[in-house]
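Read off the chains here:
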Amino acid sequence: MRTTEEYRAMIPEEPPADLVAEMVRQELLDSGHMSFKCIGFEEAYARTRDDDFYMDLRESFRKRPALLWCSECEKEMLAEYLPSDSKKNEFGRRRIRYYDADFNEVVERSNADVIFCPSCGKKVVLRSAADLPRTEQKFMVVPTVAAGCLMLTKWCVERRQFVGGERLYKNAYEAYIVDGGCAVKLAHYKRGLYWNMLRLEEWKQNKRFEDRLTCPYFYDGAEGRPSLDGTPLENAKLWEYLDQSYEKNDFYPVAYLRLYAKHQQVENLITAGFAWLVADGIRRETNY
Ligand SMILES: [Zn+2]
């Protein structure tokens, strides 16, 4: 065991550079958004002269304009706005109509549809101004090794989308540190009233250990998995367990490593390909 101060110093200050890309790859997070709002004809005309303007995609400039903005290329474009009173689809979602070069035809799309941006080609979710601003928070656990300890840091990516803008915030919320045979947990937030999360000034070590990580979204991106060679976990078969169990939602890293600390033979089950059995046991024991 080390002091809280020592543990604090081991927690990474930055997430992997591709954390957001990895969340998108695992379909935890949408890739980006295209906002649209109804504007007047005069404003539409003025917008076509902006530096960020890509193209007028309406069939004719007499069609009612909607201003589109893509969060991936930050370009603006014009589409036809379909008034919600008469042309709502069966879900009552707001719609636009525009020329799509991929299909070589005029297409109709609704709020919340996934489209490919006509300018940059990236996959984005269409968001009506009435549906904005919106905020989403997604969590992913990133493994690193420091001072012979495995750290599992839970990062929160918060995305705020608004008309013509998008901001991303990345904050670490929890860190589980496997130090020899014991696990400690540090938190950077506490629960406020109504269960909202309040960020603390600094990492605090929890007095009572509690595994809230259970079966998390786990980072497996470009920075790779850290080597456990030379740590007490080098024979724990953690990455083999990950490979066997992740797709089946059977990967409980903290529970598994605590089990391993008590009964090292559990790695034999992983070697034999019985990750599901281990996960079953963990679930039964802890009521996850
Ligand atoms: Zn774009």
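Everything that follows concerns the structure shown earlier in this document.
Here the residue numbering is sequential within each chain, running from 1 through the sequence in written order. Reporting of local features is limited, given that this is a predicted model, to residues whose pLDDT is at least 70; pairs of side-chain atoms are given and counted only at 80 or more, and all residues count toward the totals for whole chains, interfaces and linings. Side-chain metrics rest on all non-hydrogen atoms present in the structure, leaving aside hydrogens and water.

Here we take up the nonpolar core. A general trend in soluble globular proteins is that nonpolar side chains are found buried together. Judged by nonpolar contacts, the single largest core of 29 residues is most densely connected at Leu 238, Tyr 241 and Tyr 256. For this core, the elements supplying multiple residues, two or more each, are β10 (149–162), β11 (165–179), α5 (238–245), α6 (253–262), α7 (266–271) and α8 (275–286). For helices the rule is a DSSP run of H or I covering at least 4 residues; for strands it is a run of E covering at least 2, with both sets numbered from the N terminus onward. A total of five residues in this core trace back to one element, the largest contributor, which is α6. Working rule for contacts: check all heavy atoms of both residues, and any pair within 4.5 Å makes them a contact. Ignoring any residue separated from it by four or fewer positions in sequence, one finds Tyr 256 in contact with Ala 236, Lys 237, Leu 238, Tyr 241, Val 266, Glu 267, Ile 270, Val 278 and Ile 282. Leu 28, Trp 155, Ala 175 and Ile 177 belong to the second-largest nonpolar core, a separate cluster that totals 22 residues. The term nonpolar core refers to a set of buried residues drawn from Ala, Val, Leu, Ile, Met, Phe, Trp, Tyr and Cys, joined through side-chain atoms within 4.5 Å. Three exposure classes are used, based on accessible area relative to the maximum for each residue type with a 1.4 Å probe and protein chains only: buried under 20%, partly exposed in between, and exposed over 50%.

Each axis is a line fitted through C-alpha atoms, taken for helices only over the stretch in contact, and angles between the N-to-C directions span 0 to 180 degrees. With their axes 9 Å apart at the nearest point, α5 and α8 run at an angle of 90° to one another. With respect to their mutual orientation, α5 and α8 come out roughly perpendicular. From α5, Tyr 241, Gln 244 and Ser 245 reach across to α8, where they touch Ala 275, Ala 279 and Ile 282. For the contact of α5 with α8, the class distribution of residues is four nonpolar, two polar and no charged. With respect to orientation, any angle under 35 degrees is reported as roughly parallel, any angle over 145 as roughly antiparallel, any angle of 65 to 115 as roughly perpendicular, and every other angle as oblique. Classes in brief: Ala, Val, Leu, Ile, Met, Phe, Trp, Tyr, Cys and Pro nonpolar; Asp, Glu, Lys and Arg charged; the others, Gly included, polar.

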